[in-house]
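Here is how the chains run, residue by residue.
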Amino acid sequence: MDIFKDHINLFALGAALVIVVLTVSMSSSLFKAMRERTNSKDVLYDNGHQFDGIAESVNNIPSGWIICFLIAITWGIWYIFFGYPLFNYSQIGEYNKEVAQYNRSFETRWKNLHGKDLEQMGQGIFLVQCSQCHGLEATGLDNTARNLVSWGKEAGIIEIIKQGSMGLNYQAGEMPPLEMSDEDAKAVASFVMAKISEVKHTSYPQLVQKGETIFANMCAGCHGVDGKGQEGMAVNLAHYGTQVFLKEILDKGKKGHIGEMPSFAYRHFNDTQVRALAHYIQSLRGEE
């Protein structure tokens, strides 16, 4: 960044220097006046405390200080609400415009990307943005981060049933671990993936009907009978495994059982990139 090409930032720098000069000058004159008046009759009150020739006294606030203070406050209000960034050029604003323009161009060029090409794009995004924590194979580096191989699949739901879930801050609160057998948990997971999630695929179709009954008894209280989270009360399971759910996690971040995943909202992922990343994660296959 070249600060001298941005007149708002340049003005801010000049104003800051003026404030520093005025502060030093005013402080110097005030200290000098305090020393001169320590023993004078102009002192309204002296409690006997002295340090380095300066007495603790009660006097009227200097008019020069009040004027400088009011000028600083007025300038601050103008700078925040009018000078920057609402009505003038700024490098941050220019950057945001360039990012938005690039995203529109990116979306137009790649919006019809499908299949293996979409998966390869998602893999590239994952390797650059996610692999540092989740590992090159997305397995979570020995439980130091979420194992994404199981995310968006029955295995991920089973893990949540067994371990509980936290960190997305829904009104219903954190989800505790549920007392459920392995077979029942697999049945619930198959029902969610086959009937509720927009993925509409399960590896255990024979367990869907059983899972529907268990879900109605143990899960519908928070997620609703349709699994859509009762208008934000809990996670909308219809989005589980999709780019909508992934986008929510990327934007919010997550404080889970393992650790804290920061928000990636500042990365400005566009819809195509999130779709590609979700597609790549869905393509991962671990041990069945």
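Structural notes, computed from the coordinates. (Residues numbered from 1 in each chain as written. Predicted model: local features only at pLDDT ≥ 70, side-chain atom pairs only at ≥ 80, totals over all residues. Heavy atoms only, no water.)

## Some thoughts on the overall build of the protein
Looking only at helices and strands, the protein features 11 helices and four strands. With 288 residues in all, the protein has 35% of them scored as buried. At a minimum sequence separation of 6, the contacts of the protein that also span at least 24 residues come to 54%. Counting only carbon and sulfur atoms, one obtains 59% of the accessible surface of the protein, whose full area is about 18,400 Å². (Helix = DSSP H or I, 4+ residues; strand = E, 2+ residues; numbered from the N terminus. Buried < 20%, exposed > 50% of the residue type's maximum accessible area, 1.4 Å probe, protein only. Contact = heavy atoms within 4.5 Å. Areas by Shrake-Rupley, 256 points an atom, 1.4 Å probe, with all protein chains shown as cover.)

## Side note on a nonpolar patch on the surface
The grouping of Phe 11, Ile 61, Trp 65, Ile 66, Phe 69, Leu 70, Ile 73, Ile 77, Trp 78, Ile 80, Phe 81 and Phe 82 at the surface amounts to a nonpolar patch, some 1,200 Å² of accessible area in total. Take the nonpolar patch: its biggest share by element is 10 residues, from helix H2 (residues 63–83). Counting through the fold element by element, Trp 78 comes out in helix H2. You can call Trp 78 partly exposed: its relative accessible area is 35%. (Patch = residues over 30% accessible without salt bridge, like charges linked within 9 Å, V, L, I, M, F, W, Y side chains within 5 Å. Salt bridge = Lys/Arg side-chain N within 4 Å of Asp/Glu carboxyl O.)

## Side note on the environment of Gln 120
Counting through the fold element by element, Gln 120 comes out in helix H4 (residues 115–129). Judged by its relative accessible area of 47%, Gln 120 falls in the partly exposed class. Counting along the chain gives 157 residues from Gln 120 to Leu 277, while the straight-line C-alpha distance between them is 9.0 Å.

## Concerning the packing of aromatic side chains
Counted according to the given criterion, the structure contains nine aromatic pairs. Where Trp 65 meets Phe 69, the ring centres are 5.2 Å apart and the plane angle is 10 degrees; that geometry is what we call stacked. In this pair, Trp 65 and Phe 69 both sit in helix H2, four residues apart, roughly one turn of the helix. Classification of Phe 69 by relative accessible area gives partly exposed; the value is 42%. Summarising the aromatic geometry, the rings of Tyr 240 and Phe 245 are spaced 5.8 Å apart at their centres and angled 70 degrees between planes, so their arrangement reads as edge-to-face. Here the two residues Tyr 240 and Phe 245 agree in accessibility, since each one is buried. Aromatic ring contacts, followed pair by pair, group Tyr 102, Phe 106 and Trp 110 into a single cluster. The ring of Tyr 204 has Lys 186 lying over it, and the distance from NZ or CZ to the ring centre is 4.8 Å. When the ring centre of Tyr 170 is taken as reference, the NZ or CZ atom of Lys 252 above it lies at 4.8 Å. (Phe/Tyr/Trp six-rings, centres within 6.5 Å; stacked < 30°, edge-to-face > 60°. Lys NZ or Arg CZ within 6 Å of the ring centre and 35° of its normal.)

## What to know about H4
Residues three or four positions apart in an α-helix share a direction because the helix packs 3.6 residues into each turn. In this model H4 runs 21 Å from its N-terminal to its C-terminal C-alpha over 15 residues, within 8% of the 21 Å that 1.5 Å per residue would give. Residues of H4 that are buried: Leu 118, Glu 119, Met 121, Gly 122, Ile 125 and Phe 126. What you see down the axis of H4 is that its buried residues fit within an arc of 160 degrees, all on one side. In H4, the exposed residues that point more than 90 degrees away from the buried face are Lys 116 and Val 128. Contacts from the buried residues of H4 go to helix H3 (91–110), helix H5 (131–134) and helix H11 (271–283). (Expected span 1.5 Å × (residues − 1). Arc of directions from axis to C-beta.)

## Comments concerning unusual backbone geometry
For Lys 200, which is not a glycine, the phi torsion comes out positive at approximately 55 degrees. Summarising the element assignment, Lys 200 is placed in the loop between helix H7 (182–196) and helix H8 (208–218). Its identity as a non-glycine residue notwithstanding, Glu 231 has a phi of 55 degrees, on the positive side. Tracing the chain through its elements places Glu 231 in the loop between helix H9 (220–223) and helix H10 (243–252). On the basis of relative accessibility, which here comes to 82%, the residue Glu 231 falls in the exposed class.

## A few points about the packing of H3 against H11
Interhelical geometry of H3 versus H11 gives an angle of 55 degrees and a closest axis separation of 8 Å. On the basis of their axis angle, the class for H3 and H11 is oblique. Contact residues: H3 offers Phe 106, Glu 107 and Trp 110, while H11 offers Asp 271, Thr 272, Gln 273 and Arg 275. (Axes fitted to C-alpha atoms, helices over the stretch in contact; angles between N-to-C directions. Parallel < 35°, antiparallel > 145°, perpendicular 65-115°, else oblique.)

## Some thoughts on H3
If you check H3, its first and last C-alpha atoms are 28 Å apart, about what 20 residues at 1.5 Å a residue would give, namely 28 Å. Within H3, the full set of buried residues consists of Gln 91, Val 99, Asn 103 and Phe 106. Down the axis, H3 shows its buried residues gathered within 115 degrees of arc, on one side only. Within H3, the exposed residues directed more than 90 degrees away from the buried face are Lys 97, Gln 101, Arg 104 and Thr 108.

## A word on the nonpolar core
Counting 50 residues, the largest nonpolar core has Trp 151, Val 188, Phe 215, Leu 246 and Leu 277 as the members making the most contacts within it. When contributions to this core are tallied by element, the ones reaching two or more residues are H4, helix H6 (154–163), H7, H8, H10 and H11. With nine residues, the single largest contributor to this core is H7. Not counting the four nearest positions on each side in its chain, Phe 215 is found in contact with Val 188, Phe 191, Val 192, Ile 196, Ala 220, His 223, Gly 224, Val 225, Gly 227 and Leu 237. (Core = buried A, V, L, I, M, F, W, Y, C linked by side-chain atoms within 4.5 Å.)

The quantities given are spatial measurements derived from coordinates; they are silent on function.
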